[in-house]
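Survey of secondary and tertiary structure
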Amino acid sequence: MSPAPIPQTHTGLDSPAGVWWTPAHRAEKLWVGIAFAWCLVLFAMMPLWHLKGGQNPSGIRRRTDATAYYKRTQEFIKQYQVGTDRGMPVVEPPPGSDVYLAGMTFQWTPILRLRQGAEYTLHISSLDVNHGFSLFPVNVNFQVVPGYDYGLRVTPTAAGDFRIICNEFCGIGHHTMVGRVIVLDSAGREIARSEEAR
Ligand SMILES: [Cu+2]
């Protein structure tokens, strides 16, 4: 009587002998090919968007710090303040001027009153952590990183009462971080909210 054969064990360190895999199906190769081609398209779009997409910040960008930027914003408020809304200063700078907006946990200060069709250099910076400047209901989105003063050249194209929403999670009060931009029409008239809805 011969002894029972010892079953072959696999350690996982040695590859099994022969062709042990199922060759890729035609459809699988096709999908891998499509996915790879799409990766190349997206890869090519990165530099294309940078050069042609118009998504780079317009205007200037320079280093700053929270103290200096806060001081500059306060000077700006003192210079052009026209009122307050629930304790928040309302500021109406002349067309063509440099406008300062500061983001901090959990507010945007001050409230801006701008004129439709006038050009401004809108400076935005954060006094603490990353914030996102999102102008509602317009499709404007801008990442606000502390330590940088972004001077965006902007021309409001529509009159109305807009909200600035923070779209970068910044802490427990993130959802309450709402600012306000009032755009007066080209005659300097404030559009009432009921009129705007029409
Ligand atoms: Cu936030």
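A brief report on the enclosed structure follows.

Criteria and thresholds
Residues numbered from 1 in each chain as written. Predicted model: local features only at pLDDT ≥ 70, side-chain atom pairs only at ≥ 80, totals over all residues. Heavy atoms only, no water. Helix = DSSP H or I, 4+ residues; strand = E, 2+ residues; numbered from the N terminus. Expected span 1.5 Å × (residues − 1). Bend = angle between axes of the 7 residues up to and from the residue. Buried < 20%, exposed > 50% of the residue type's maximum accessible area, 1.4 Å probe, protein only. Arc of directions from axis to C-beta. Polar contact = N/O pair within 3.5 Å; in protein donor to acceptor, adjacent residues only side chain to side chain. Patch = residues over 30% accessible without salt bridge, like charges linked within 9 Å, V, L, I, M, F, W, Y side chains within 5 Å. Areas by Shrake-Rupley, 256 points an atom, 1.4 Å probe, with all protein chains shown as cover. Salt bridge = Lys/Arg side-chain N within 4 Å of Asp/Glu carboxyl O. Contact = heavy atoms within 4.5 Å. Pairing = 2+ DSSP bridges. Axes fitted to C-alpha atoms, helices over the stretch in contact; angles between N-to-C directions. Donors = N, O, S within 2.8 Å, 3.2 Å for Na, K, Ca; no water. Tetrahedral: all angles 85-135°; square planar, octahedral: opposite > 155°, others 65-115°.

Moving on, we get to helix α1 (residues 26–52). With 27 residues, α1 extends 38 Å between its outermost C-alpha atoms, agreeing within 8% with the 39 Å of an ideal straight helix rising 1.5 Å per residue. The largest bend along α1 measures about 25 degrees and falls at Met46, with the proline Pro47 one to four residues further on. With its phi angle positive at about 65 degrees, Gly54 sits one or two positions after the end of α1.

With 15 residues, helix α2 (residues 66–80) should cover 21 Å at 1.5 Å per step; its first-to-last C-alpha distance of 21 Å lies within 8% of that length. Regarding α2, the residues found buried are Tyr69, Thr73, Phe76 and Ile77. One face of α2 carries all of its buried residues, which in axial projection span an arc of 100 degrees. Away from its buried face, by an angle of more than 90 degrees, α2 presents the exposed residues Thr67, Lys71, Lys78 and Gln79. In this structure Asp65 caps α2, since a side-chain oxygen of it lies 3.1 Å from the backbone nitrogen of Thr67.

Nonpolar side chains collect at one region of the surface, where Val19, Trp20 and Trp21 lie side by side and expose about 410 Å² of accessible area between them. Note that Trp21 resides in the segment before α1. Taking the relative accessible area as the measure of exposure, Trp21 reaches 47% and is therefore partly exposed.

This part covers the pattern of salt bridges. Scanning the model with the defined rule gives nine salt bridges in all. Residues Glu92 and Arg113 are paired through a salt bridge, measuring 2.9 Å at the closest nitrogen-oxygen approach. Taken together, the positions of Glu92 in the loop between β3 (88–91) and β4 (98–104) and Arg113 in strand β6 (residues 111–115) put the pair 21 residues apart, joining distant regions of the chain. When its relative accessible area of 26% is taken as the criterion, Glu92 is described as partly exposed. Of the residues examined, Arg113 reaches a relative accessible area of 19% and is grouped as buried. Asp161 is paired through a salt bridge with Arg163; the nearest N and O atoms lie 2.8 Å apart.

What follows covers the side chain of Ser126. You can see Ser126 is positioned in strand β7 (residues 120–126). Among the polar contacts listed, one links the side chain of Ser126 to the backbone nitrogen of Asp128, at a separation of 3.1 Å. Within the structure, Ser126 has its side chain in polar contact with the backbone oxygen of Val129 (distance 2.5 Å). Those residues within four positions of Ser126 in sequence are excluded, and the remaining contacts are Gly103, His131, Val144, Val145, Pro146 and Gly147.

Spatially, the seven strands line up as an open sheet ordered β2-β3-β6-β12-β11-β8-β9, and their pairing is mixed. The open sheet is flanked by β2 (81–85) and β9 (140–144), the only strands paired with a single partner. Strand after strand, the sheet turns through a mean of 25 degrees between neighbouring axes, direction not considered.

Tetrahedral coordination by four donors sets the ideal angle at the metal to 109.5 degrees; octahedral coordination by six donors sets it to 90 or 180 degrees. The copper ion binds to the protein through Cys166 (SG), Glu168 (O), Cys170 (SG) and His174 (ND1), with metal-donor distances spanning 1.9 to 2.6 Å. Taken together, the four donor atoms coordinating the copper ion and their angles of 84 to 126 degrees define a geometry best described as irregular. Along the chain, the residues donating to the copper ion are arranged with the sequence spacing C-x1-E-x1-C-x3-H. The burial state of Cys170 is the same as that of His174; both residues are buried.

Moving on to the sheet that holds β4. Strand pairs in the sheet, formed through backbone hydrogen bonds, run parallel or antiparallel to each other. Read across the open sheet, the five strands follow the order β1-β10-β7-β4-β5; overall the sheet is mixed. The sheet terminates laterally at β1 (60–63) and β5 (107–109), the two strands that pair on one side only. The mean angle between the axes of side-by-side strands here comes to 20 degrees, regardless of whether they run parallel or antiparallel. Looking at chain direction, β4 and β7 are connected through six bridges and run parallel.

You can see Pro94 is positioned in the loop between β3 and β4. Measuring from C-alpha to C-alpha, the distance between Pro94 and Arg115 comes to 8.4 Å, with 21 residues separating the pair along the chain.

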